Amino acid sequence: MILTTTRHGRSARDVRNLKAHLSKELDQVSRVAAIGNVPLSDADSVLAYMEAMRDGSRATVAMHHIAISPLTRMNEAQRDETVRRILGAMGAEDHAWILWEHDGKARTARAADQHFHLVIGHVGPDGLAIDDGHSYARLEAAARSLEHDFGEPLTPSRRTGVVAAILREHGRPDVADCLVAPDEPPRSATSSAR
């Protein structure tokens, strides 16, 4: 399972572009699968709420966009557990969030033809922003524990030692003990060309 995170919502245009990306139906079915921690029921209202929370604080971004690419299709219980663990890894258990499901189009050759996009409000109900320092390692730890619990093979990491330490810190030594540093680290998904 691959989890990637990107900050969004510096401007209204940025939010419109993100919504257009998440709602597109080219070669796939796109739908809002769930909304949480906010008394709203549609994507536009939730994204506007996240922008309002940004505007009421000193934050420069409104949201975090986390792409979730499992190797196998997830059922509803697995999907909900994935969201719960991501929110925990980001320290955003009480922040507004919205989950889009894209079905019929795999993000990678190895992945299932189902993937998700979780958008989490950067500013929580207490007016404090997410501390996104080391978010890649924290998300990798969440992904490795999900892979382990869902019976997927563990994805090699460039941060094996750090991820193992986070897993041990969070009471998952069983997963940490399964991690093996690859002989050659995998290529980074982010490069200057991308």
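Residues numbered from 1 in each chain as written. Predicted model: local features only at pLDDT ≥ 70, side-chain atom pairs only at ≥ 80, totals over all residues. Heavy atoms only, no water.

Asks: Kindly report on the sheet that holds strand 3 (residues 63-69), identifying the contributing residues and their values.
Replies: Pairing is antiparallel in the open sheet, where five strands are placed in the order 1-3-5-4-2. Looking at strand neighbours, the two that pair on one side only are strand 1 (2-8) and strand 2 (29-36), the edges of this open sheet. With direction set aside, neighbouring strand axes in the sheet form an average angle of 20 degrees. The sheet contact formed by strand 3 and strand 5 (residues 114-121) spans six bridges and is antiparallel. Looking at strand 5, one finds that histidine 64 is bridged to isoleucine 120. (Pairing = 2+ DSSP bridges. Helix = DSSP H or I, 4+ residues; strand = E, 2+ residues; numbered from the N terminus. Axes fitted to C-alpha atoms, helices over the stretch in contact; angles between N-to-C directions.)

Asks: Can you lay out the pattern of salt bridges for me, pointing to particular residues and giving the numbers?
Replies: Using the criterion set out here, one finds 16 salt bridges in the structure. A salt bridge links arginine 79 to aspartate 80, with the nearest nitrogen and oxygen atoms 3.0 Å apart. Taking the relative accessible area as the measure of exposure, aspartate 80 reaches 38% and is therefore partly exposed. Measuring nitrogen to oxygen at the nearest pair gives 2.4 Å for the salt bridge that ties glutamate 140 to arginine 159. (Salt bridge = Lys/Arg side-chain N within 4 Å of Asp/Glu carboxyl O. Buried < 20%, exposed > 50% of the residue type's maximum accessible area, 1.4 Å probe, protein only.)

Asks: Lay out the nonpolar core with the relevant residues and their values.
Replies: Grouped together as the largest cluster of nonpolar side chains are 23 residues, with contacts concentrated most on Ile66, Ile68, Ile86, Leu99, Leu118 and Ile120. At the level of elements, strand 2, strand 3, helix 3 (76-90), strand 4 (97-103), strand 5 and helix 4 (135-150) are the ones that each hand at least two residues to this core. Looking at this core, the element that brings in the most residues is helix 3, giving five residues. Leaving out residues up to four positions away in the same chain, isoleucine 66 has contacts with Leu3, Thr4, Thr5, Ile86, Met90, Phe116, His117, Leu118, Ile120 and Leu139. With 14 residues, the next largest nonpolar core counts Leu18, Met63, Trp100 and Val119 among its residues. (Core = buried A, V, L, I, M, F, W, Y, C linked by side-chain atoms within 4.5 Å. Contact = heavy atoms within 4.5 Å.)

Asks: Can you explain the packing of helix 4 against helix 5 (residues 160-169)? Please cite residues and give values.
Replies: At a closest axis distance of 9 Å, the pairing of helix 4 and helix 5 adopts a crossing angle of 70 degrees. Classified by the angle between their axes, helix 4 and helix 5 sit roughly perpendicular to one another. Seen along the crossing, helix 4 lies across helix 5 with a hand that is right-handed. Two secondary-structure elements touch here, helix 4 through Ala137, Arg138, Glu140, Ala141, Arg144 and Ser145 and helix 5 through Val162, Val163, Ile166 and Leu167. When the residues that make up the contact of helix 4 with helix 5 are grouped by side-chain class, the tally is six nonpolar, one polar and three charged. (Parallel < 35°, antiparallel > 145°, perpendicular 65-115°, else oblique. Left-handed = near helix turned anticlockwise from the far one by under 90°. Nonpolar A, V, L, I, M, F, W, Y, C, P; charged D, E, K, R; others polar.)

Asks: Mind laying out the confidence of the model for the protein, listing which residues take part and the relevant values?
Replies: Predicted coordinates in areas of low pLDDT are best not read in detail. For the protein, the average pLDDT comes to 87, and 91% of its residues sit at 70 or higher. The weakest mean pLDDT in the protein belongs to strand 1 at 85; the strongest belongs to helix 3 at 95. In this model, residues 189-194 is a region of pLDDT below 50 whose contacts with residues beyond four sequence positions or in other chains number one contact. (pLDDT = per-residue confidence, 0-100.)

Asks: Requested: an account of unusual backbone geometry, with residues and values cited.
Replies: Across the chain, the bulk of peptide bonds are trans and the bulk of non-glycine residues have phi less than zero. The residue asparagine 37 is not glycine, and still its phi comes out positive at about 60 degrees. One can find asparagine 37 in the loop between strand 2 and helix 2 (43-55).

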